[in-house]
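# Analysis of the macromolecular model
Each chain, written out:
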Amino acid sequence: MDVRVGELVLHEDEGAGKENGHQENGRKEPRYATIAAQAGFCQEGNAFSGTKHGKAIFTASVYEFETLEELRASTYSYRRLGNPNSDDLAHALACLESAESGLATSSGMGAVVATVLGLLKGGDTVFVHGDTYGGTFSFFEQDVRRFGIHVEMLDVMDVLQLDSALARWHHQHQQQLEGRNDDVRALVFCESITNPLIRVADVPGMSAVCRKHGALLVVDNTFGTPLRRKPLLQGANIVVHSATKFIGGHSDLIAGAVVGPAKLVDRARGVAHRWGLTISPFDAWLCTRSIRTLQVRMERAWVTAERLAERVAAEERAVVRVHAAPQCAVFSFEVAGGAEGASRVFDKLSLIKIAPSLGGVTTTVSHPATSSHVSLGAAERARLGIPDGLIRISVGVEDVEDLAHDLLPAVRAAVCHV
Ligand SMILES: *Cc1c(COP(=O)(O)O)cnc(C)c1O
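No experiment lies behind these values; they were computed from the predicted model shown.

### Some details on the site of the ligand
- By nearness alone, every residue bordering the ligand is listed as Ser 107, Gly 108, Met 109, Tyr 133, Glu 191, Asp 220, Thr 222, Phe 223, Ser 242, Thr 244, Lys 245 and Ala 255.
- The contact in question runs from an oxygen atom of the ligand to an N or O atom on the backbone of Met 109, over 2.8 Å.
- One of the side-chain N or O atoms of Lys 245 is found 2.7 Å from an oxygen atom in the ligand.
- Burial of the ligand by the protein amounts to 93% of the accessible area it has alone, namely 380 Å².

### Here's the deal with the sheet that holds strand 7 (residues 150–153)
- Spatial strand order, 5-11-10-9-8-6-7: seven strands in an open sheet with mixed pairing. Edge positions in the open sheet fall to strand 5 (101–105) and strand 7, since each of these has one partner strand only. If you compare each strand with its neighbour and ignore which way they point, the axes differ by 20° on average.
- The pairing of strand 5 with strand 11 (residues 256–260) spans five bridges and is antiparallel. Pairing of Ala 104 across the sheet is with Ala 257, part of strand 11.
- Contacts from helix 3 (residues 84–96) reach strand 5 and strand 11 within the one sheet, and its direction differs from that of strand 5 by about 130°.
- Relative to the sheet, helix 5 (residues 134–144) contacts strand 6 (125–128), strand 7 and strand 8 (186–191), its axis offset from that of strand 7 by approximately 140°.

### Details of the environment of Glu 401
- Note on placement: Glu 401 falls in helix 15 (residues 400–412).
- Glu 401 sits 94 residues away from Arg 307 along the chain, and the two C-alpha atoms are 9.9 Å apart.

### As for helix 3
- The first and last C-alpha atoms of helix 3 sit 18 Å apart over 13 residues, in line with the 18 Å expected at 1.5 Å per residue.
- For helix 3, a buried count of 10 out of 13 residues is recorded, marking the element as mostly surrounded by other parts of the structure.
- Regarding helix 3, the residues found buried are Pro 84, Asn 85, Ser 86, Asp 88, Leu 89, Ala 90, Ala 92, Leu 93, Ala 94 and Leu 96.
- On its buried side, helix 3 packs onto helix 1 (32–37), strand 5, helix 9 (225–228), strand 11 and helix 11 (281–291).
- You can read the cap of helix 3 off the contacts: a side-chain oxygen lies 2.8 Å from the backbone nitrogen of Asn 85, and it is on Asn 83.
- Ser 98, located one to two residues past helix 3, shows a positive phi value of around 50°.

### Points about the packing of aromatic side chains
- All told, the structure shown has five aromatic pairs when counted by the stated rule.
- Summarising the aromatic geometry, the rings of Phe 139 and Phe 140 are spaced 5.6 Å apart at their centres and angled 45° between planes, so their arrangement reads as tilted.
- Owing to a relative accessible area of 0%, Phe 140 belongs among the buried residues under this scheme.
- Where Phe 331 meets Phe 333, the ring centres are 6.2 Å apart and the plane angle is 40°; that geometry is what we call tilted.

### Things to note about the UniProt feature "modified residue: N6-(pyridoxal phosphate)lysine" (unreviewed entry) in the protein
- In the UniProt entry, the feature "modified residue: N6-(pyridoxal phosphate)lysine" (unreviewed entry) is given for Lys 245.
- With respect to the helices and strands, the residue Lys 245 is situated in the loop between strand 10 (238–242) and strand 11.
- Dropping the residues within four chain positions of it, Lys 245 is found in contact with Tyr 133, Thr 222, Ser 357, Leu 358 and Gly 359.

### Structural notes on the pairing of strand 6
- Of the two faces of strand 6, both are covered, the one formed by Thr 125 and Phe 127 as well as the one formed by Val 126 and Val 128.
- As paired strands, strand 6 and strand 7 are joined by four bridges and run parallel to one another. For Val 128, the partnering residue across the bridge sits in strand 7 and is Met 153.
- As paired strands, strand 6 and strand 8 are joined by four bridges and run parallel to one another. Note that in strand 8 the partner of Phe 127 across the bridge is Val 188.

### Some details on the pattern of salt bridges
- Inspection of every chain in the model, using the stated rule, returns 12 salt bridges.
- For the salt bridge of Glu 315 with Arg 412, the shortest nitrogen-to-oxygen distance reads 3.0 Å. With Glu 315 in the loop between helix 12 (294–313) and strand 12 (319–324) and Arg 412 in helix 15, this pair connects stretches of sequence that are 97 residues apart.
- Residue Glu 315 is classed as buried on the basis of its relative accessible area, which comes to 16%.
- Residue classification places Arg 412 among the partly exposed positions, given a relative accessible area of 38%.

### Digging into the nonpolar core
- Grouped together as the largest cluster of nonpolar side chains are 60 residues, with contacts concentrated most on Phe 127, Val 156, Val 188, Met 206, Leu 217 and Ile 291.
- With six residues, the single largest contributor to this core is helix 3.
- Counting contributing residues, this core receives three or more from each of domain 1 (30–291) and domain 2 (295–415).
- Beyond its immediate stretch of four places on either side in the chain, Val 188 contacts Phe 127, Val 156, Leu 162, Leu 166, Met 206, Cys 210, Ala 215, Leu 216, Leu 217 and Val 218.

### Comments concerning the environment of Asp 88
- Its place among the elements puts Asp 88 in helix 3.
- Exposure remark for Asp 88: the relative accessible area of 4% places this residue in the buried category.
- Each C-alpha atom, one on Asp 88 and one on Gly 40, is 5.1 Å from the other, the two residues being 48 residues apart in sequence.

### Regarding a nonpolar patch on the surface
- Residues Val 62, Tyr 78 and Leu 81 make up a contiguous nonpolar surface patch of roughly 270 Å² in combined accessible area.
- Using a relative accessible area of 38% as the deciding quantity, one classes Tyr 78 as partly exposed.

Rules behind the numbers
- Residues numbered from 1 in each chain as written.
- Predicted model: local features only at pLDDT ≥ 70, side-chain atom pairs only at ≥ 80, totals over all residues.
- Heavy atoms only, no water.
- Near = heavy atom within 4 Å.
- Polar contact = N/O pair within 3.5 Å; in protein donor to acceptor, adjacent residues only side chain to side chain.
- Areas by Shrake-Rupley, 256 points an atom, 1.4 Å probe, with all protein chains shown as cover.
- Pairing = 2+ DSSP bridges.
- Helix = DSSP H or I, 4+ residues; strand = E, 2+ residues; numbered from the N terminus.
- Axes fitted to C-alpha atoms, helices over the stretch in contact; angles between N-to-C directions.
- Contact = heavy atoms within 4.5 Å.
- Expected span 1.5 Å × (residues − 1).
- Buried < 20%, exposed > 50% of the residue type's maximum accessible area, 1.4 Å probe, protein only.
- Phe/Tyr/Trp six-rings, centres within 6.5 Å; stacked < 30°, edge-to-face > 60°.
- UniProt positions renumbered as here; feature names shortened; annotations may be inferred.
- Salt bridge = Lys/Arg side-chain N within 4 Å of Asp/Glu carboxyl O.
- Core = buried A, V, L, I, M, F, W, Y, C linked by side-chain atoms within 4.5 Å.
- Domains from an automatic or database assignment.
- Patch = residues over 30% accessible without salt bridge, like charges linked within 9 Å, V, L, I, M, F, W, Y side chains within 5 Å.

Structure follows, in structure tokens:
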């Protein structure tokens, strides 16, 4: 249920997941903040791991061997099929999501593509909400359908709607399902927090419905971040990330990841290896290094985002609505005056720049109607509740007063016709 505080819509926080750090066999498992701070240091027994504070970047595309024996015994031989830096990143993210296995990919889209194509075949069905990240939407619309996989767009985050859609699917495939083998036939895809409306997925509710009908649940946890939300601990089958955003955090790398049980991640891994969705060693190294500051960056950004969202919501003349969630560094708000009102806000901002991405240490704004959601068309945007006056802000780690000093007068300018 959503809680309304004035005009600030705070979506109820469903997704915290359990904190780790419990005792197991007398050995205390480190908590997530500790795992993050030591990302890349924890792979014991890896001949390639280097020294603790000076880990190498392994750029070689191929390794040389003296004997066939040596080649066979080696973990790494050709970079598209495996690289120590890529494995460090995968391992760190798997630890942060309490997953059995992880795979680092060339981008967030690489992770989405490897997962969906690794798990589905022609005749299967994927259920997905229409307001996913634009690239994900286009992939489902333009590519997944071409492989004979059915794509059903509906609000899968509405558990009742999802239940009836899956019941219908189950009924249609009754006979096939009775001679059941291990093949997956239905997959539900959702984002842990949506963009730009900041709807928070009820992962426990959705996963219960998926289990009931024998469907797999895939969660894109980019906005949730692996620190705050743990979809796997709440029943999701597999999680994907765009590590380009908060995990990378500095707007200087492109990376993605798939985490979950080895049996499922290995299917994505096969696609990633065959289709060449491999991450570069430099991006993997940089991203692993970024994870070490993820906790402090996010804690700062979450607090600042919450304060700014409250202050934007207090601008009653200029602001129609604010969409925010606790511990989410992105929020959005609709200004009066539609596209023109939004333009006036963007014109007036000076410290905060316009950027068609998010998740960096620098605060940026974007206009979903002309960037991330332009491909949907005006009618579909209106149906999904993405008006032309909507502005999305990705909050970084700057001083909150400096940000407010730039943002609030700009927001007021939405209704100043001068
Ligand atoms: C950016 C993004 C992606 C795609 O990630 P890339 O790294 O740009 O390929 C996928 N999902 C979400 C939610 C995103 O924000």
